[in-house]
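Residues per chain are reported as follows:
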Amino acid sequence: KFEVIDIIEDYNLGFNLGNTVKYVLRAGKKDDIIQELNKAKWYIEREIQKINKERINYKQHLEVQLDG
């Protein structure tokens, strides 16, 4: 009914979250369900790390501006 790529693009999910959706939606249909869910988990964790890094960088940028 739905193409995964269309969902990913419609929601502007980007690479990490797009792959998360892909692996969740195909879990148990292509490869082992645990393997697919572990791949989804890996991409979620990578996205969380990316967001945390961006927040730290933004906070440091603000601190530099306030000190300057």
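Every chain begins its residue count from 1, and numbering advances along the sequence as written. Local features are withheld for residues below a pLDDT of 70 in this predicted model, meaning they are given only at 70 or higher, and side-chain atom pairs are given and counted only at 80 or more; totals for whole chains, interfaces and linings count all residues. Where side-chain values are given, they derive from all heavy atoms of the structure, hydrogens and water being excluded.

### A few points about a nonpolar patch on the surface
Like charges are joined within 9 Å and nonpolar side chains (Val, Leu, Ile, Met, Phe, Trp, Tyr) within 5 Å, but only among residues with over 30% relative accessible area and no salt bridge; these make up the patches. Using a 1.4 Å probe, accessible areas were evaluated by the Shrake-Rupley method; residue-level cover was limited to the displayed protein chains. Whenever a carboxyl oxygen of Asp or Glu lies within 4 Å of a side-chain nitrogen of Lys or Arg, that contact is scored as a salt bridge. A contiguous nonpolar surface patch, about 340 Å² in accessible area, is contributed by Val24, Ile33, Ile34 and Leu37. Per the convention used, a helix needs a DSSP run of H or I reaching at least four residues, while a strand needs a run of E reaching at least two, with both numbered from the N terminus. When residues in the nonpolar patch are grouped by element, the largest group, three residues, is from helix α3 (residues 33-67). Within the secondary structure, isoleucine 34 is located in helix α3. We classify isoleucine 34 as exposed; its relative accessible area is 52%. Each residue is assigned to one of three classes by its accessible area relative to the maximum for its type, calculated with a 1.4 Å probe on protein chains only: buried under 20%, partly exposed between the two thresholds, exposed over 50%.

### Notes on the packing of helix α2 (residues 14-26) against α3
Note on definitions: angles span 0 to 180 degrees between N-to-C directions of axes, and those axes are lines fitted to C-alpha atoms, for helices only across the stretch in contact. Interaxial distance between α2 and α3 falls to 8 Å at its minimum, and their mutual angle equals 160°. Considering their axes alone, α2 and α3 lie roughly antiparallel with respect to each other. Helix-helix and strand crossings are classified by hand; for α2 and α3 the assignment is left-handed. Contacts between α2 and α3 involve Phe15, Asn16, Leu17, Asn19, Thr20, Tyr23, Val24 and Arg26 on the former and, on the latter, Glu36, Lys39, Ala40, Tyr43, Ile44, Arg46, Glu47 and Lys50. Under the convention adopted here, Pro, Cys and the residues Ala, Val, Leu, Ile, Met, Phe, Trp and Tyr are nonpolar, Asp, Glu, Lys and Arg are charged, and Gly plus all remaining residues are polar. A class-by-class count of the residues in the contact of α2 with α3 yields seven nonpolar, three polar and six charged. Working definition: roughly parallel below 35 degrees, roughly antiparallel above 145 degrees, roughly perpendicular at 65 to 115 degrees, and oblique for all remaining angles. A crossing counts as left-handed when the near helix is turned anticlockwise from the far one by less than a right angle, and as right-handed when that turn is clockwise. Note on contacts: a residue pair qualifies if any of its non-hydrogen atoms lie within 4.5 Å across the two residues.

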